[in-house]
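# Architecture at a glance
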Amino acid sequence: MLRGTFITACVGFVAFAGRTDAFWRLPCSSPVVVQRADPISQSSFRASIPSHNAFLHLHPPLLQTIFFLFLISIVNRDAVSDHLHTIMGSNAFNFTMEYSDTQTATCSTCKVEQDMSSYWAPPLFYHAENGSFISVKQTGGALIYYLQRSDPMDPNADEGLIAFPKDFRMIAGTQENRNWTDTLEQRAVSFVCLGTDGPATPHLPKQNCPDGLRTQIIMPSCWDGKNLDSPDHKSHMAYPSGIDNGVCPKSHPRRFITLFYEVNWQVDEFKDMWYGDKQPFVFSTGDSEGYGYHSDFLNGWDIPTLQKAINECNAASGVIEECAVFKLREDDDMKSCKVFPRVHEAVSGVLPALPGCNPVGSGLETDRQRANCSNLRTVATIGDPILPYTDVTRKLGWKHVACAEDPQGEQRTLPDVSLDQPDMTVEKCISACDGKGYKYAGLEYSSQCFCGNSIPDDRMPKNGTVGDCSMPCAGNANEFCGGAARVSVYTKCQNRSDCENYDV
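Here goes a summary of the coordinates provided. From a predicted model like this one, the values you see are computed outputs, not experimental measurements.

### Regarding the sheet that holds strand S11 (residues 222–223)
Strand order in the open sheet formed by 3 strands is S12-S11-S13, and the pairing between neighbours is antiparallel. Taken across any chain shown, the strands that pair with only one partner, and hence form the sheet edges, are strand S12 (237–238) and strand S13 (254–255). Sheet topology places S11 next to S12; 2 bridges connect them, and they run antiparallel. Bridging across to S12, Trp223 finds its partner in Met237.

Right, dumping it as C-alpha cells:
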C-alpha cells in the first residue's frame, strides 16, 4: 500500500501533504502487450512548428535544433522503439495514437470502463553470467494510484485539480540516466525490496527480494496549461516542490491529479543465480542501476467522468469500488484484453541480447558493445500481428475457433477426453481428437489437450476481449497451446476450400 510501503519508507524523498489523503487505486490486471512500441517517443510532439518563413528569422543554432526535432518526429512515426515496454491499458494501443484512437478500444486491462488510457514502463531482465538475458515475470500488471494532491499556494489554486485533456501525454524519468543526480525527477523513482525490512531505495536493491521487487514512479502533475506534449515529452510538465505534494512552479500553474505507478517483478526466482559483486537485474534499456527508470502515460479517459471523480471521489481508503462515478470491468475481461504484437522478435525466455540490442551500462564501453552487436534494432520491423494460434487449415483441414475460458474447479469446456503430454503440439492434439471422432480439439497450458462436441456459450470470449492463449506448445515453442485457464479451440472444417480461422 502506498502510505505504508512507499511514503513511510521514503522519508527524505517524498512526504504526504496534510489534508490531501484522498486517492483511488486503479488495478491493471496484466499487460495488454509487451513489445517495442512507443506512441509518445516515436510520434511527433504536440507543439507548434514554425512556418518556413519563421525559420528564416531564427538564430542558426536554434533553427538547427528545431529542424532536427521536426525531422525526428517525422522519421520515427510508426517506427520500432529502441527498447521494450510492458504496456497496460486499452487494446487501442498502437505505434502511433491520438485521443480519438483510444476511444475505439473495446477493452482494457485496467479496471474502470471509462478509462481507455495507456500506461507503460520498461520490463526487467536477469543478466546471466554467460551474457544472456532472461525475462523476469511480471506479477499481474500494475497498480496506478490517482492521488488528489494540491496546495493552497499553487498559482491556480482556485481552479482546483483538473482532468487530463484530449491528446495529452507525458513521460516521467530519463532513460539515459545511469548516475544519481538528486533531481526531483530522480527522487520520483524508487524501488521496494518486498519481504525485507529495508527502506525504499533510489536504485535497484543490492539483495534478493523474497516477495518480489516493486518498481515505483511518481508522474509530474504541474502543467504549463498550453501544450499537450513537448519535444522531450516532459517540458510541458513539472513536479511540484514536494514531488507528489507542495507548490507548482509559476511556469506550470495548472495542476492535474497525480499519477503513481507500481509494477511488481518476481525476482526471487533468481535468488540462487546471483554472481559477482553486483545485483544481476537490468531494465530493457540496458539500465542496471535503476537511475534511468521511466514511465509513460497517454490519456484515454472519458474526460467528464475523470473530472467528476476528481471532484466527488474523496475517500481516503483508495478502494476504487467506493467511487460511484466509475463503471468497473470484470476481472476476467481485464485479463482477456490483448493486443497482438507486431514486432517480430523474441521478447521473453532466454535471449542472447536485450530486444533492440541495448548494451548494459553507459559510456564508451557500451558503444563498443553496440558496435559488436548484430544490430537487432534495424532487423526488427513492424509486420502483421502475431496471432496466438497455429494455422492448420490447409495441412489438417481444421480451423481456429476461439480462445475460450476454462475456469478452474468447474467442468471442462471440452470435457470428453483429456491428454497431457510433454511433447504436445497443435497437430498432435487435433489428430487425437479427430481420430476419436470429436468435433472440437482444444489446447491448454502448453501440454494439455481436450476433446468435445460442443462449447458452452458462456465460455466464449465476450465484451470485446480475445483471451490470452499465447503459451508456447511443450513440443514446439513456435506454436501456441492455450493459456492458464484458457483453451485454444479448433474445429474440423466442412469444406477445405472455405476453411478459414476465426478473425480475432
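Okay, back to it.
### So, the pairing of strand S23 (residues 476–480)
The sheet contact formed by strand S22 (residues 472–473) and S23 spans 2 bridges and is antiparallel. When the bridges of S23 are listed, Pro472 appears paired with Phe480. Where S22 folds back onto S23 in an antiparallel hairpin, the turn is made up of 2 residues.

### Side note on the state of the cysteines
Considering all chains together, one arrives at 10 disulfides under this definition. There is a disulfide in this structure between Cys429 and Cys449, and the S-S distance comes to 2.1 Å. Handedness here is read from the sign of the S-S torsion; for Cys429 and Cys449, about 80°, the answer is right-handed. Here the residue Cys429 occupies a position in helix H11 (residues 426–435), and Cys449 occupies one in strand S21 (residues 448–452), the gap between them amounting to 20 residues. Summarising the burial analysis for this pair, Cys429 and Cys449 share the class buried.

### Regarding the nonpolar core
The biggest cluster of nonpolar side chains holds 62 residues, and the ones touching the most others in it are Trp24, Tyr146, Phe164 and Phe297. Residues contacting Phe297, with those up to four places away along its chain left out, are Ile40, Ser117, Ser118, Tyr119, Tyr146, Phe164, Phe168, Arg169, Met170, Met219, Leu259 and Tyr261. Counting residues in each nonpolar core, the second largest holds 20 residues, with Ile40, Ile87, Phe93 and Val339 among its members.

Conventions adopted
- Residues numbered from 1 in each chain as written.
- Predicted model: local features only at pLDDT ≥ 70, side-chain atom pairs only at ≥ 80, totals over all residues.
- Heavy atoms only, no water.
- Pairing = 2+ DSSP bridges.
- Helix = DSSP H or I, 4+ residues; strand = E, 2+ residues; numbered from the N terminus.
- Disulfide = S-S within 2.5 Å.
- Buried < 20%, exposed > 50% of the residue type's maximum accessible area, 1.4 Å probe, protein only.
- Core = buried A, V, L, I, M, F, W, Y, C linked by side-chain atoms within 4.5 Å.
- Contact = heavy atoms within 4.5 Å.

These figures capture arrangement, not role.
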